[in-house]
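Observations on chain architecture
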Amino acid sequence: MERGRIYLMQEGKLLAELTYTDEGDYYNVDHTFVDECLRGQGVAAQLMAAYQSLLEKEQRKSTATCSYALKWAEKHKEYATYWM
């Protein structure tokens, strides 16, 4: 994890990534990626769970322009207070 990015690298290869931008009062998830070798294993959901933990830790709100992140937020109503 680094500022603006949560990712998984293995042997120098990017396998999964979520990127977000700081929009001042909130964050915006703008991209998620999971390599074909990991698709269907819940990796994108794990990225979102890590991102949600970041929101809770920093007491920030979020929006998303990434379609996967939007769907995840809609599905997980228990975190609605963190999503705009």
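Residues numbered from 1 in each chain as written. Predicted model: local features only at pLDDT ≥ 70, side-chain atom pairs only at ≥ 80, totals over all residues. Heavy atoms only, no water.

A few words on unusual backbone geometry. At E11, a residue that is not glycine, the phi angle is positive and equals roughly 50°. Residue E11 is classed as exposed on the basis of its relative accessible area of 81%. (Buried < 20%, exposed > 50% of the residue type's maximum accessible area, 1.4 Å probe, protein only.)

The next subject is the pattern of salt bridges. Tallying each qualifying case throughout the model produces five salt bridges. A salt bridge links R5 to E17, with the shortest nitrogen-to-oxygen separation between them at 2.6 Å. In this pair, R5 sits in strand β1 (residues 5–10) while E17 sits in strand β2 (residues 13–22), placing the two residues twelve residues apart along the sequence. The residue D22 makes a salt bridge to R60 at a minimum N-O spacing of 3.1 Å. In this pair, D22 sits in strand β2 while R60 sits in the loop between α1 (43–58) and β4 (61–64), placing the two residues 38 residues apart along the sequence. Owing to a relative accessible area of 47%, D22 belongs among the partly exposed residues under this scheme. On the basis of relative accessibility, which here comes to 15%, the residue R60 falls in the buried class. (Salt bridge = Lys/Arg side-chain N within 4 Å of Asp/Glu carboxyl O. Helix = DSSP H or I, 4+ residues; strand = E, 2+ residues; numbered from the N terminus.)

In this structure, L18, V29, M48, Y51 and W83 are the most contacted members of the largest nonpolar core, which totals 23 residues. Secondary structure elements with two or more residues in this core: β2, β3 (26–34), α1 and α2 (67–75). Among the elements that make up this core, the one with the highest residue count is α1 (seven residues). Those residues in contact with L18, other than ones at most four positions away along the chain, are G4, R5, I6, V29, H31, T32, L47, M48 and Y51. (Core = buried A, V, L, I, M, F, W, Y, C linked by side-chain atoms within 4.5 Å. Contact = heavy atoms within 4.5 Å.)

Here the focus is the environment of H31. Within the secondary structure, H31 sits in strand β3. Taking the C-alpha atoms as reference points, H31 and Q59, separated by 28 residues in sequence, lie 21 Å from one another. Discounting residues that sit within four places of it in the chain, H31 has contacts with E17, L18, T19 and C66.

Residues S62 and A64 line the buried face of β4, whereas the alternating positions K61 and T63 sit on a face that is not buried. The pairing of β3 with β4 spans four bridges and is parallel. What sits directly across from Y27, in β4, is S62. For the segment spanning β3, α1 and β4, crossover handedness is right-handed. (Pairing = 2+ DSSP bridges. Right-handed = clockwise from strand over helix to strand, strands pointing away.)

Treat this as a map of the structure, not an account of what it does.
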